[in-house]
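Remarks on the overall topology
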Amino acid sequence: MMLLGRLKSQLVASTSPWRLLARNYKVTVVGAGGGIGQPLSLLIRQNAGIRELALHDINEMKGIATDLSHISKPGRVTTFVGESQLEAAVSGANVVVVAAGMPRLPGMERDQLMAANGGVAAKVASAVSVACPGTLLAFITNPINMIVPTAAEVLKANGVFNPRRLFGITTLDVVRAKKFIGTAMGKDPGNVDITVIGGHAGITILPLLSTCKPPYLGEAKEIEKLIHRIQEAGTEVVKAKAGNGSATLSMAYAGAQFVDSLLRAIGGQEGVVECAFVASELTEAPFFASSLELGRYGIKRYLEIPQMNELEMEALAKLLPILRKNAEEGIDFARKYLKQLEKTVPTALPEAQ
Amino acid sequence: MILLRACARLPKVPLCVCGRQLGVLDLCGCSCRRGLKVTVVGAAGGIGQPLSLLLKANPDIDVLSVHDLRHTAGVAADLSHICTKSVVKAFEGPKKLKAAMKGADIVVVPAGLPRKPGMARSDLIGVNASVAADVAIAASDVCPGALLAYITNPINTIVPLAAAILKRKGTFDPNRLFGVTTLDCVRAKTFLGDAMNVNPQSVELPVIGGHTGTTILPIISQCKPEFKGEEMERLALVDRIQEAGTEVVKAKAGLGSATLSMAYAANQFVCSLIKAILGKSEEDVVEYAYVESDVTKVDFFATRIKLGPQGVMDNCGLPEMDEYEAAAMKCCLVELKKDIELGYKLSDDFKNRECE
């Protein structure tokens, strides 16, 4: 019996086509030295299908790279430091995941982060435009609702924008929803199937509890509390860390899950579905998170939003204008950034002397 | 076939209701009744955080208890959002150590100070002995049946120190106390894999002895696939494996020692302990670890061990060695003897603490 089991697993392994291709990917982690970047890099390093894990940060990271390089998985670990090495870091990458930027501090709204982090999005998008325009670019950097539109605008300006290849990672909202709902129902959270749509801040996070599997049968008040907790879970961690940052470990977990899904889809695995914040025509908001079927070249299919109940439709109606405004702010930021770039680049070459 | 299996199950040793054999201390952790509990002491540190993350992702754990002197509330809140069934419980401060460890099936200890450039692992012994002693004392009181795994350096000294304390408290079980040396095995696989240009996961070689410098003995003559390099290359590899920890300390330039690879290795070891406790694995659960043993003339030595629900089930003893390795073994034993004696000597400093 045991022998048959082993034989079967060998057969399955060798005939799954995605596995055959799964040894040749380059993944770049931008912000690899940070609170999210380090555990995220550790989780990605554990993936045996990566030929190069490129780590980029503005600070020196030789130590982290050496540390990770000792892990007995195939593939090498390379490091790139500073803005000047950003293009080299992302060059040839199949997936670029961006964990760089400032975390939220207590009392800080996600919007206040934009001042610091908008530049990160713009610079990474610029580097990607030059060095790997076909890559799957996934942002963790907050505020996602604005960061992704910023990146899109920069990619558009460079003529390389493909809406199927740009993502804001909202997996942590799904992870949290599964955990809170699972705990409330006394079930293993791993077996909870929940769609979370909208955005990645406060009330723009909309978990569709009415379509949860197994069905969530709580009272209206409980549902409201649950939704509120999912929406404010990020703030819950910021407060608990009391000035020492925001969610890092759970974000790394969620980020790695999303990157793993991207890689499996690139490798040809069918039926890989994740929620993510993307350029979308599903609603009136230009950028919207919904369930996506991933494929070899990014988004294969935008899945229909499940049938919502009245309360959820109301919540959706409330969040869409916020997302539109966030998108405008993100695009605005990008335009200002690009204008500034034009000013610093000389319009004519200096004369030969 | 079924009859034979039934006969094989007839208890020759006392069994708990869950079917597990009861060990020396006749305690059934019986994790299957009340859930598997793992405690991480030092969970907010550089190793503790990524290790706790990896453990939280483990679907077999029911309770993950995280303890540290500070910052555990934030780490626990963060971890608690991960969508696996385990419940995270936070404990902060020295007074909460016992509460954190109460009823644990496994206690893994990354707590303590890391090395800075220029330091040897033995330079850490001052502070870290105190950490190790506190954990051993607490384990005796609140979870004497737990599998206790130390990461805190210097392992060579810390484990004998803990053993001496546990012996005085009457709760020592040589099968349940480990110094985690898995990282040396991980590094050996990586470096040999690189040298032979093969997938490091396919490399198997024994790494025995201790966990510092020349006490780390990679037995390259027994490497599978066979290492066919030159003598100089082999020596360089041995040296690199032995000094790999220092390689990371230097590269981090004062910002610490190996954290991510240590978390990876420690997680691998704890996962093996969990597989052994739950009895789920069809194959033998095998790891290398620094344990009390009579395999050599020194009291503690890292060898290949088979793990079972009560910890070490079988010590596989020494691998075959060639001349060079046998000679290196002799030097290793001399070093280890000193380190172990130091552990015993230092344990005396904590006699008063044991009675508190």
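Residues numbered from 1 in each chain as written. Chains lettered and ligands numbered in written order. Predicted model: local features only at pLDDT ≥ 70, side-chain atom pairs only at ≥ 80, totals over all residues. Heavy atoms only, no water.

Some points on the pairing of strand β1 (residues 37-41) of chain B
All names here are of chain B. Worth spelling out the cut-off: For every residue, the accessible area (1.4 Å probe, protein chains only) is compared with the maximum for its type, and the residue is labelled buried under 20%, exposed over 50%, or partly exposed between those bounds. Each helix is a run of DSSP H or I of at least 4 residues and each strand a run of E of at least 2, with the numbering of both proceeding from the N terminus. By this definition, two strands are paired if DSSP reports at least two bridges between them. Think of it like this: strands point away, you trace from the first strand over the helix to the second, and a clockwise trace means the crossover is right-handed.
Buried residues dominate β1, accounting for 5 of its 5 residues. Along β1, one buried face is formed by Lys37, Thr39 and Val41 and the opposite face, lined by Val38 and Val40, is buried too. Relative to strand β2 (residues 63-68), β1 runs parallel, the two sharing 5 bridges. Of the residues in β2, the one forming a bridge with valine 40 is valine 66. Each parallel crossover has a hand, and the one from β1 via helix α3 (residues 48-56) to β2 is right-handed.

Looking at the domain arrangement of chain B
All names here are of chain B. To keep things clear, this is the line we draw: What marks off one domain from the next here is an automatic or database domain assignment. Here the quantity called buried area is the accessible surface, traced with a 1.4 Å probe, that two parts lose on coming together, added over both. The salt bridge criterion pairs a side-chain nitrogen of Lys or Arg with a carboxyl oxygen of Asp or Glu, the two atoms within 4 Å.
The domain boundaries assigned to chain B delineate domain 1 (37-180) and domain 2 (182-337). Across the interface of domain 1 and domain 2, roughly 3200 Å² is buried in total on both sides, 66% from carbon and sulfur atoms. Looking at the side of domain 1 facing domain 2, the largest losses of area belong to Arg121, Asn156 and Val180, adding up to 20% of the total buried there. Scanning the region where domain 1 abuts domain 2 turns up 2 salt bridges. Where glutamate 292 meets lysine 167, a salt bridge forms, and the shortest distance between an N and an O atom there is 2.8 Å. Listing elements by their share of the side of domain 1 that touches domain 2, those giving two or more residues are α3, β4 (106-109), β5 (147-150), α7 (155-168) and β6 (177-180).

Quick notes on the side chain of asparagine 128 of chain B
Residue and element names in this part refer to chain B. What counts is decided by this rule: Contacts described as polar in this section are N or O atom pairs within 3.5 Å, which, within protein, must combine one atom able to donate a hydrogen with one able to accept it, while residues neighboring in sequence count only if both atoms come from side chains. Pairs of residues are marked as contacts when any of their non-hydrogen atoms sit within 4.5 Å.
Within the secondary structure, asparagine 128 sits in helix α6 (residues 125-142). The buried category is assigned to asparagine 128, whose relative accessible area is 0%. A distance of 2.8 Å separates a polar side-chain atom of asparagine 128 from the backbone nitrogen of leucine 113. Residues within four places of asparagine 128 in sequence aside, it is in contact with Gly112, Leu113, Thr152, Asn153 and Ile158.

Focus: the pattern of salt bridges
Evaluated as defined, the whole model comprises 28 salt bridges over all chains. One salt bridge connects glutamate 153 of chain A with arginine 335 of chain A, and the closest N-O pair in it is separated by 3.2 Å. Taken together, the residues glutamate 153 of chain A in helix α7 (residues 144-157) and arginine 335 of chain A in helix α11 (residues 310-344) connect sequence positions 182 residues apart. Judged by its relative accessible area of 11%, glutamate 153 of chain A falls in the buried class. Among the ionic pairs, aspartate 284 of chain B bridges to lysine 306 of chain B, the shortest N-O distance being 3.7 Å. Of the two residues, aspartate 284 of chain B is situated in the loop between α10 (260-278) and β9 (285-292) and lysine 306 of chain B in strand β10 (residues 300-308); the sequence distance between them amounts to 22 residues. One continuous salt-bridge network, built from bridges that share partners, spans Glu270, Glu293, Lys300 and Arg301 of chain A.

Some points on the packing of helix α8 (residues 171-185) of chain A against helix α9 (residues 220-241) of chain A
Residue and element names in this part refer to chain A. What counts is decided by this rule: Note on geometry: axes are lines fitted to C-alpha atoms, helical ones only across the stretch in contact, with angles between N-to-C directions running from 0 to 180 degrees. Each angle gets one of four labels, with under 35 degrees taken as roughly parallel, over 145 as roughly antiparallel, 65 to 115 as roughly perpendicular, and the rest as oblique. In this scheme the handedness of a crossing depends on how the near helix is turned from the far one: anticlockwise by less than a right angle means left-handed, clockwise means right-handed. Classification used: nonpolar for Ala, Val, Leu, Ile, Met, Phe, Trp, Tyr, Cys and Pro, charged for Asp, Glu, Lys and Arg, polar for all others including Gly.
At their nearest, the axes of α8 and α9 sit 10 Å apart, and the two run at 120 degrees to each other. Looking at the two axes, α8 sits oblique to α9. Crossing handedness for the pair α8 and α9: right-handed. Of the residues in α9, those touching α8 at Asp173, Arg176, Ala177, Phe180 and Ile181 are Leu226, Arg229, Ile230, Ala233, Gly234 and Val237. Residue composition of the contact of α8 with α9, by class: 7 nonpolar, 1 polar and 3 charged.

Overview of the UniProt feature "binding site: substrate" (unreviewed entry) in chain B
All names here are of chain B. Quick reminder of the rule: UniProt positions are given in the numbering used here, feature names are shortened, and annotations may be inferred rather than shown by experiment.
Look at the UniProt record and you will see "binding site: substrate" (unreviewed entry) annotated at Arg115, Arg121, Asn153 and Arg187. Turning to its location among the elements, arginine 115 is positioned in the loop between β4 and α6. The exposure class assigned to arginine 115 is buried, which follows from its relative accessible area of 8%. Beyond its immediate chain neighbours, meaning those up to four positions away, arginine 115 contacts Ala120, Arg121, Leu124, Gly245, Thr246, Val249, Gly256 and Ser257. Polar side-chain contacts of arginine 115 include one of 3.4 Å to the backbone oxygen of methionine 119. Turning to its location among the elements, asparagine 153 is positioned in the loop between β5 and α7. For asparagine 153, a relative accessible area of 17% corresponds to the buried category.

Side note on the UniProt feature "domain: Lactate/malate dehydrogenase C-terminal" (unreviewed entry) in chain A
Look at the UniProt record and you will see "domain: Lactate/malate dehydrogenase C-terminal" (unreviewed entry) annotated at residues 170-333 of chain A. Across residues 170-333 of chain A, helical content stands at 48% and strand content at 17%; the span's end C-alpha atoms are separated by 22 Å.

Topic: the nonpolar core
Burial of nonpolar side chains together is a common tendency in soluble globular proteins. The test is simple: In this description, a nonpolar core means a group of buried Ala, Val, Leu, Ile, Met, Phe, Trp, Tyr and Cys residues linked to one another through side-chain atoms lying within 4.5 Å.
Counting residues in each nonpolar core, the largest one holds 96 residues, and the members touching the most others are Leu40, Ile44, Leu55 and Phe167 of chain A together with Leu55 and Phe178 of chain B. If we ignore the near neighbours within four places in the chain, the residues touching isoleucine 44 of chain A are Val27, Val29, Ile50, Leu53, Val97 and Val259 of chain A. Core analysis: the next-biggest nonpolar cluster, separate from the first, contains 62 residues, Ile216, Phe227, Cys332 and Ile340 of chain B among them.

Quick look at the interface of chain A and chain B
Listed per partner, the contact involves 42 residues of chain A and 44 residues of chain B. Both faces considered, chain A and chain B share a buried interface measuring about 3400 Å² in area, 64% of it formed by carbon and sulfur atoms. On the chain A side of the interface with chain B, the three residues burying the most area are His70, Ser72 and Leu249 of chain A, jointly 22% of the side's total. One can count 2 salt bridges joining chain A with chain B. With its nearest N and O atoms 3.5 Å apart, the salt bridge here joins aspartate 67 of chain A to lysine 252 of chain B.

Section: the packing of α8 of chain A against helix α10 (residues 249-266) of chain A
Residue and element names in this part refer to chain A. Interhelical geometry of α8 versus α10 gives an angle of 110 degrees and a closest axis separation of 8 Å. The orientation of α8 relative to α10 falls into the category roughly perpendicular. Crossing hand, α8 versus α10: right-handed. On α10, the residues that touch Thr171, Leu172 and Val175 of α8 are Ser250, Met251, Tyr253, Ala254, Gln257 and Phe258. Classifying every residue of the contact of α8 with α10 gives 6 nonpolar, 3 polar and no charged.

Describing the confidence of the model for chain A
What counts, and what does not: Each residue carries a pLDDT score, the predictor's confidence in it, ranging from 0 to 100.
For chain A, per-residue confidence averages 91 on the pLDDT scale, and 90% of positions sit at 70 or higher. pLDDT under 50 marks residues 7-22 of chain A. Its contacts with residues more than four places away, or in other chains, come to 12 contacts.

Looking at the environment of lysine 239 of chain A
Following the sequence through the fold, lysine 239 of chain A ends up in helix α9. Taking the C-alpha atoms as reference, lysine 239 of chain A lies 32 Å from valine 95 of chain A; in sequence the two are 144 residues apart.

Remarks on helix α4 (residues 62-69) of chain A
Given 3.6 residues to a turn, an α-helix orients residues that are three or four positions apart in the same direction. Of all 8 residues in α4 of chain A, 6 are buried, a share of seventy percent or more. All buried positions along α4 of chain A are accounted for by Gly63, Ile64, Ala65, Thr66, Asp67 and Leu68 of chain A. Those residues of α4 of chain A hidden inside the fold are in contact with α3 (37-45), β2 (50-57) and β3 (76-81) of chain A together with α9 (231-251) and α10 of chain B.

Concerning the domain arrangement of chain A
Accessible area lost when the parts come together is the quantity often used to give the size of an interface. Residue and element names in this part refer to chain A. Once the domains are mapped, chain A shows domain 1 (24-169) and domain 2 (171-326). Between domain 1 and domain 2, the C-alpha centre-to-centre distance is 21 Å. At the interface, 36 residues of domain 1 touch 43 residues of domain 2. For the pair domain 1 and domain 2, the summed buried surface comes to about 3300 Å²; carbon and sulfur atoms form 69% of the total. The largest contributions to the domain 1 side of the interface with domain 2 come from Asn145, Arg164 and Ile169, which together make up 22% of the buried area. Summed over the shared surface of domain 1 and domain 2, the number is 0 salt bridges.

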